[in-house]
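Working through the structure, step by step
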Amino acid sequence: MKKLFAVALALVLTACASSSPDVIQRNDAQRLSVVEDGTVLSVRSVTVEGSQSGAGAATGGVVGGLAGYGAGSNQREGQIIGVLGAVAGVVAGHAIERMSTREDANEILVQLKNGDRRAVVQAKGAEVFAPGESVVLVTTGGKVRVAKAPNNQAQK
């Protein structure tokens, strides 16, 4: 039973939404995006802090409480151990959620063709950016992502 709850906790915590630039959210499909040309000035690795939605703490509390309640030899002892297990589960679930939703990302500094500069933080994806490369900033629904500029050689 304890293993089943541990597996359920892991599944709940890994079902978080992706912020990868290679994954487009359903709400962003078939929407007009604004595209701006630019050049990469710099790229640095950063870490995006994990989320704290409360799902990990809630799941951990339930799992810890049930596991603790079953550990007592009588009802009173089971209740006390169950409460302690729930508290420990909340703390552990919160930490697990925060660590499992943490992401490696890049901060990409881009200079637009009009001279303006933009900094975009996005999860590391399939594309690797280097200073001097041509890129496009794609803005959809208030979200911005950086992508390599398409090769325009075929259009010339």
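For every chain, the first residue of the written sequence is number 1, and numbering continues from 1 onward in sequence order. Only residues with pLDDT of 70 or above have their local features reported here, since the model is predicted, and side-chain atom pairs are shown and tallied only from 80 upward, although totals for entire chains, interfaces and linings are computed over all residues. To obtain the side-chain values, all non-hydrogen atoms of the structure were used and water was disregarded.

Topic: the overall build of the protein chain
- Helical segments are the DSSP runs of H or I of at least four residues, strand segments are the runs of E of at least two, and each set is numbered from the N terminus. Across its full length, the protein chain holds three helices and five strands.
- Order of helices (α) and strands (β) in the protein chain, N terminus to C terminus: α-β-α-α-β-β-β-β.
- Contacts in the protein chain between residues at least 24 apart in sequence constitute 66% of all its contacts with a sequence separation of at least 6. The contact criterion used is simple: two residues touch if any of their non-hydrogen atoms lie within 4.5 Å.

A short note on the sheet that holds strand β4 (residues 134–140)
- Paired strands, in this sense, are two strands between which DSSP finds at least two bridges. The five strands are arranged β3-β2-β1-β4-β5 in an open sheet whose pairing can be described as antiparallel. Both edges of this open sheet fall to β3 (117–123) and β5 (143–148), since each of them pairs with a single strand only. The sheet shows a mean angle of 45 degrees between the axes of neighbouring strands, direction not considered.
- Where strand β1 (residues 34–48) lies against β4, six bridges are found, and the strand directions are antiparallel. By the bridge assignment for β4, E36 is matched with L137. In this analysis an axis means a line fitted to C-alpha atoms, helices contributing only their contacting stretch, and an angle means the value between N-to-C directions, from 0 to 180 degrees.

Describing the pairing of β4
- Of all seven residues that make up β4, five are buried, and the element is covered over most of its length.
- One ladder, built from six bridges, connects β4 with β5; its direction is antiparallel. Within β5, the position partnered with V138 by the bridge is R145.
- Linking β4 back to β5 in an antiparallel pair, the connection comprises two residues, with G141 at a positive phi of about 55 degrees. When accessible area is computed with a 1.4 Å probe and restricted to protein chains, residues below 20% of their type maximum are described as buried, those above 50% as exposed, and intermediate ones as partly exposed.

A short note on the nonpolar core
- Within the largest apolar cluster, nine residues are counted, these being V40, I108, V110, L112, V120, F129, V135, L137 and V146.
- Where this core is concerned, the elements lending two or more residues are β2 (103–112) and β4.
- Considering each element in turn, this core owes the most residues, three residues, to β2.
- The contact partners of L112, leaving out residues within four places of it in the chain, are E36, D37, G38, R118 and L137. What makes a nonpolar core is a set of buried Ala, Val, Leu, Ile, Met, Phe, Trp, Tyr and Cys residues whose side-chain atoms join them at distances within 4.5 Å.

Focus on the environment of G125
- Take G125: it is sitting in the loop between β3 and β4.
- Separated by 19 residues in sequence, G125 and N106 place their C-alpha atoms 9.3 Å apart.

Brief notes about the environment of E49
- Counting through the fold element by element, E49 comes out in the loop between β1 and α2 (55–69).
- Between the alpha carbons of E49 and R102 there is a distance of 5.1 Å; along the sequence they are 53 residues apart.

Re the pattern of salt bridges
- Any Lys or Arg side-chain nitrogen located within 4 Å of an Asp or Glu carboxyl oxygen qualifies as a salt bridge. Using the criterion set out here, one finds three salt bridges in the structure.
- The salt bridge involving E107 is made with R44; its shortest N-O contact spans 2.6 Å. With E107 in strand β2 and R44 in strand β1, this residue pair connects regions lying 63 residues apart in the sequence.
- With a relative accessible area of 47%, R44 lands in the partly exposed category.
- The partner of K148 in a salt bridge is E133, with the nearest N and O atoms 3.0 Å apart.

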